[in-house]
Protein chains: 2
Amino acid sequence: MRAIAVEPGGGEPAIVEKPKPEPGPGEPLVRTLRVGVDGTDREVIEGHHGEAPDGEDHLVLGHEAVGVVEDANGTDLEAGTVVVPTVRRPPDGETAYFERGEPDMAPDGEYVERGIVGAHGFMAEYFTSPAEYLVTIPGELAHLGFLVEPISITEKALEHARASRSAFEWEPESALVLGNGSLGLITLAMFEGTPGYDRTYCLGRRDRPDPTIAFIEKLGSTYIDSRETPVPEIPETYEAVDFVYEATGYARHAFETIEALAPNGVGALLGVPDDRAFEIDGGTLHREFVLHNKALVGSVNSNRGHFEAAVETLAALPEWVTDELVTGVFDLESVGRAFAGDDTTIKTAIEFGDV
Amino acid sequence: MRAIAVEPGGGEPAIVEKPKPEPGPGEPLVRTLRVGVDGTDREVIEGHHGEAPDGEDHLVLGHEAVGVVEDANGTDLEAGTVVVPTVRRPPDGETAYFERGEPDMAPDGEYVERGIVGAHGFMAEYFTSPAEYLVTIPGELAHLGFLVEPISITEKALEHARASRSAFEWEPESALVLGNGSLGLITLAMFEGTPGYDRTYCLGRRDRPDPTIAFIEKLGSTYIDSRETPVPEIPETYEAVDFVYEATGYARHAFETIEALAPNGVGALLGVPDDRAFEIDGGTLHREFVLHNKALVGSVNSNRGHFEAAVETLAALPEWVTDELVTGVFDLESVGRAFAGDDTTIKTAIEFGDV
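Please read these numbers as outputs of a predicted model, since none were measured by experiment.

Description of the interface of chain A and chain B
Each partner contributes residues to the interface: chain A has 58 residues there, and chain B has 58 residues. For the pairing of chain A and chain B, the buried interface totals around 4500 Å² over both sides, and the portion due to carbon and sulfur atoms is 58%. Where chain A meets chain B, there are four salt bridges. Across the salt bridge formed by Glu169(A) and Arg100(B), the nearest N and O atoms sit 3.7 Å from each other. Our enumeration of links across chain A and chain B arrives at 33 residue pairs in polar contact (both at pLDDT 80 or more).

Some thoughts on the relation of the copies chain A and chain B
Aligned on chain B, chain A shows an RMSD of 0.0 Å; the corresponding rotation is 180° and the shift along the axis is 0.0 Å. Each copy turns onto its partner about a two-fold axis.

Points about the sheet that holds strand E4 (residues 59–60) of chain A
One open sheet holds the three strands; their spatial order is E2-E1-E4 (chain A), and the pairing between them is antiparallel. The open sheet has two edge strands, strand E2 (14–17) and E4 of chain A, and neither has a second partner.

Some points on helix H5 (residues 211–218) of chain A
The α-helix winds at 3.6 residues per turn, so residues separated by three or four positions along the chain end up facing the same way. Residue and element names in this part refer to chain A. Restricting attention to buried positions, one finds in H5 the residues Thr212, Ile213, Phe215 and Ile216. In a view along the axis of H5, the buried residues occupy a sector of 160°, so they form one face of it. Looking at the buried side of H5, the elements it contacts are helix H4 (182–192), strand E13 (199–204), strand E14 (222–225) and helix H10 (319–325). Backbone geometry just downstream of H5 places Gly220 in the positive-phi region, at approximately 90°.

Looking at the environment of Ile346(A)
Looking at where Ile346(A) falls in the secondary structure, it is placed in the loop between helix H11 (335–340) and strand E20 (347–351). For the pair formed by Ile346(A) and Leu185(A), sequence separation is 161 residues and the distance between their alpha carbons is 8.6 Å.

A word on the nonpolar core
Within the largest apolar cluster, 188 residues are counted, with the highest numbers of intra-cluster contacts made by Met123(A), Phe243(A), Ile350(A), Met123(B), Phe243(B) and Ile350(B). Apart from residues no more than four positions distant in its own chain, Ile350(A) is found in contact with Ile4(A), Leu33(A), Arg34(A), Val35(A), Val37(A), Met123(A), Phe330(A), Asp331(A), Leu332(A), Val335(A), Ala338(A) and Phe339(A). The next biggest cluster of nonpolar side chains, apart from the first, holds 24 residues, and it includes Val290(A), Val300(A), Leu269(B) and Phe289(B).

A few points about the packing of aromatic side chains
In total, this model carries 17 aromatic pairs over all chains according to the counting rule given. Here the aromatic cluster, defined as three or more aromatic residues joined through ring pairs, consists of Phe255(A), Phe278(A), Phe255(B) and Phe278(B). Across from the ring centre of Tyr97(A), 4.9 Å away, lies the NZ or CZ of Arg100(A), which sits over that ring. The ring of Tyr126(B) is capped by Lys20(B), whose NZ or CZ atom sits 4.3 Å from the centre of that ring.

Concerning the pairing of strand E15 (residues 241–246) of chain A
Residue and element names in this part refer to chain A. Of all six residues in E15, six are buried, a share of seventy percent or more. Relative to E15, strand E12 (residues 174–178) is paired through four bridges, and the arrangement is parallel. For Val177, the partnering residue across the bridge sits in E15 and is Tyr245. Judged from the five bridges that link them, E15 and strand E16 (residues 261–269) form a sheet pairing that is parallel. When the bridges of E16 are listed, Phe243 appears paired with Val266.

Focus on the pattern of salt bridges
Residue and element names in this part refer to chain A. One pass over the full model with this rule turns up 42 salt bridges over all chains. A salt bridge links Arg208 to Glu217, with the nearest nitrogen and oxygen atoms 2.8 Å apart. Among the residues examined, Glu217 registers a relative accessible area of 38% and is labelled partly exposed. One network of salt bridges, in which partners are shared, links Arg2, Glu125 and Glu333.

Here's the deal with the sheet that holds E14(A)
Read from one edge of the open sheet, 12 strands run E14(A)-E13(A)-E12(A)-E15(A)-E16(A)-E18(A)-E18(B)-E16(B)-E15(B)-E12(B)-E13(B)-E14(B), paired in mixed fashion. Only two strands of the sheet have a single partner each, and these edge strands are E14 of chain A together with strand E14 (222–225) of chain B. On average, adjacent strands in this sheet sit at an angle of 20° to one another, irrespective of strand direction. Lying over the sheet, helix H7 (residues 251–260) of chain A contacts E12, E13, E15, E16 and strand E18 (295–298) of chain A, oriented at roughly 160° with respect to E16(A). Set on the sheet, helix H7 (residues 251–260) of chain B makes contact with strand E12 (174–178), strand E13 (199–204), strand E15 (241–246), strand E16 (261–269) and strand E18 (295–298) of chain B; between it and E16(B) the angle comes to about 160°.

Quick notes on a negative patch on the surface
Residues Glu259(A), Glu279(A), Asp281(A), Glu259(B), Glu279(B) and Asp281(B) make up a contiguous surface patch of negative charge. Of note, Glu279(B) is situated in strand E17 (residues 278–280). Judged by its relative accessible area of 53%, Glu279(B) is exposed.

Here we look at the side chain of Lys18(A)
Residue and element names in this part refer to chain A. Take Lys18: it is sitting in the loop between E2 and strand E3 (29–37). Buried charge without a partner: Lys18 forms no salt bridge, and the closest opposite charge is Glu56, 4.2 Å away. A distance of 3.1 Å separates polar atoms of two side chains, one belonging to Lys18 and the other to His58.

A short note on helix H3 (residues 148–164) of chain A
Compared with the 24 Å implied by 1.5 Å per residue over 17 residues, the 24 Å span of H3(A) between its first and last C-alpha is a close match. Extensive coverage of H3(A) is indicated by the burial of 15 of its 17 residues.

Some remarks on the environment of Thr237(B)
All names here are of chain B. Structurally, Thr237 can be placed in helix H6 (residues 234–237). Given the relative accessible area of 47%, Thr237 is considered partly exposed. Separated by 55 residues in the primary sequence, Thr237 and His292 place their C-alpha atoms 20 Å from one another.

Brief notes about the confidence of the model for chain A
Chain-level pLDDT for chain A is 96 on average; 100% of the residues reach the 70-or-more range. Among the scores for the predicted complex, ipTM is 0.97 and pTM is 0.97.

Things to note about the environment of Arg42(B)
All names here are of chain B. On the secondary structure map, Arg42 appears in helix H1 (residues 39–46). By relative accessible area, Arg42 is classed as partly exposed at 31%. Discounting residues that sit within four places of it in the chain, Arg42 has contacts with Val37, Ala338 and Phe339.

Some details on unusual backbone geometry
Residue and element names in this part refer to chain A. Pro209 follows Arg208 through a cis peptide bond whose omega is -5°. Its location among the elements puts Pro209 in the loop between E13 and H5. Even without being glycine, Asn73 reaches a positive phi, approximately 55°. Topologically, Asn73 is positioned in the loop between strand E5 (64–71) and strand E6 (82–85). By relative accessible area, Asn73 is classed as partly exposed at 29%.

Thresholds applied
Residues numbered from 1 in each chain as written. Chains lettered and ligands numbered in written order. Predicted model: local features only at pLDDT ≥ 70, side-chain atom pairs only at ≥ 80, totals over all residues. Heavy atoms only, no water. Contact = heavy atoms within 4.5 Å. Buried area = accessible area lost by both parts, 1.4 Å probe. Salt bridge = Lys/Arg side-chain N within 4 Å of Asp/Glu carboxyl O. Polar contact = N/O pair within 3.5 Å; in protein donor to acceptor, adjacent residues only side chain to side chain. Least-squares fit on C-alpha atoms with pLDDT ≥ 70 in both. Pairing = 2+ DSSP bridges. Helix = DSSP H or I, 4+ residues; strand = E, 2+ residues; numbered from the N terminus. Buried < 20%, exposed > 50% of the residue type's maximum accessible area, 1.4 Å probe, protein only. Arc of directions from axis to C-beta. Core = buried A, V, L, I, M, F, W, Y, C linked by side-chain atoms within 4.5 Å. Phe/Tyr/Trp six-rings, centres within 6.5 Å; stacked < 30°, edge-to-face > 60°. Lys NZ or Arg CZ within 6 Å of the ring centre and 35° of its normal. Axes fitted to C-alpha atoms, helices over the stretch in contact; angles between N-to-C directions. Patch = residues over 30% accessible without salt bridge, like charges linked within 9 Å, V, L, I, M, F, W, Y side chains within 5 Å. Areas by Shrake-Rupley, 256 points an atom, 1.4 Å probe, with all protein chains shown as cover. Lys, Arg positive; Asp, Glu negative; His and termini not counted. Charge placed at Lys NZ, Arg CZ, Asp CG, Glu CD. Expected span 1.5 Å × (residues − 1). pLDDT = per-residue confidence, 0-100.

Written out as structure tokens, the structure is:
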């Protein structure tokens, strides 16, 4: 079968021939339908994040997949069921974090991530996975199933952010998304469906006309150009916000988030930056943190519960939202275009089989 | 009656003569027993924090008080009951945060703080307060009642920190207190009575012999000298910890906390630093935050529920702990000594009336 693999840090992804996987006990064989492309794939390609499985020189990419069960192999799933795989797997048998359903909280060394760290991903015509890591989705969502994983990332971040404010009555009215990449825009669309977020903002650095700015404004949200209004000036120019969702990987934004928050607000950090030293007014930021009861919560990966919540969220998104978010679905031969992208690209996926 | 007042930023506190307060409707008259001295008082004296009531040039100090009801004035309290007052009051009638019992979450302008910001404190022979802001404590704790307020500060910080980790199964085993001032040491003693914190550490910068180091070690905790082991080196030299409690007001520590935390850990920030710019390796810190699901929570003030929890905590502290924490109780004429302090001082209080 054909798969898309990369030597991390060693060049562009390419089509490789791999044997069709043999499912082990408890593992259905899944025929891949579509696999999304995201910033993490680009970090893996560039060698900034992730690694090939032990003893191998290449990594099959892909962690945002949807497929259809071809052979249930004695599991509770049925052939023809549409499924989305979760991403983390235990490296050697079960570990405590997997047993309690919280692989997303496992520390380094206690997990591998398919398509990212130490395990091949889903960009192949077939994949296998223990049935417990396959989340069933309605057949009519099959063409959009590759959005379940990124939505689940936000479900987790929102859950952890809300938890951090659960010791008091927190009624957020405003939210700011830092970053107009696909994850930022999906999250912004999710806020539009969440009670309480009356006013939302999305920060980017693009000139009009631009499809992401058009998307932001069609949602009824406000676009903030970071070249005109740096993050620390947002409270004065717009308003101090109750919730910040950082999806840029730009480290300055992680700390500027403290200044953008209203009292009792929380910032969820999701970007994965490289090393970068810079000066901060640490005294002011520290004082802001304390005197106004602010919080910052880092969030990585997601668990089965977040995937299940994401399926509901995806089903509730207006059709125009997913139509405009997904700017390209490419067949295997056009893999280069799926990864390339330009200013008209929001979210792309690769199609491995007929939906 | 006599009171201890200061012109914020204008010199040392002094004894002043004030009229005995006239209780309004719903306000008992309380005869003051003891009032604790803490770092916030020093910040107010130096003019870094707080302000006198509108239209006045001086502020009566004191926010860590215990007293005895002298005249219940028709309220549900009884004469002779020992009470501890909470600190925040609504500036003009009730506000939403006070109505819901969360004045500690009120933003600037929606509260005054007795003895700190905009309202006279409790360092006077008598004070009045609406009964709803007086927390009853057992008579046998009267001599230590001034510790209820600082303990309540930690109760709140611990509640908010635990809340931030409530979206998953969090079982902290280790805790690090940054700062060996009185609040840090009280908190360290509280950890010794909390299930789960098997290993605790306390950071300071003192030479032996020193009463705070002796106290730390008598608790069974480990003293870390920050001159030998800076915070970022604690994981390698000792261990990465599940919980950090920052009570130094040293802004670098707020950000170094991220490095000291184990995966899934949380840092509670309580210090109130001045402005101070410095360089950080922001990329590494941001990445640590995200990839290891870390959190930072700022916490200020406390509400009635935290005071009530603090009364229980105080009652459960071993006698030697409070004996060694309270290094001096001074009468009104020795007010200078109560505020002075040296390396043998941990916690002092001023006695206004016989306990």
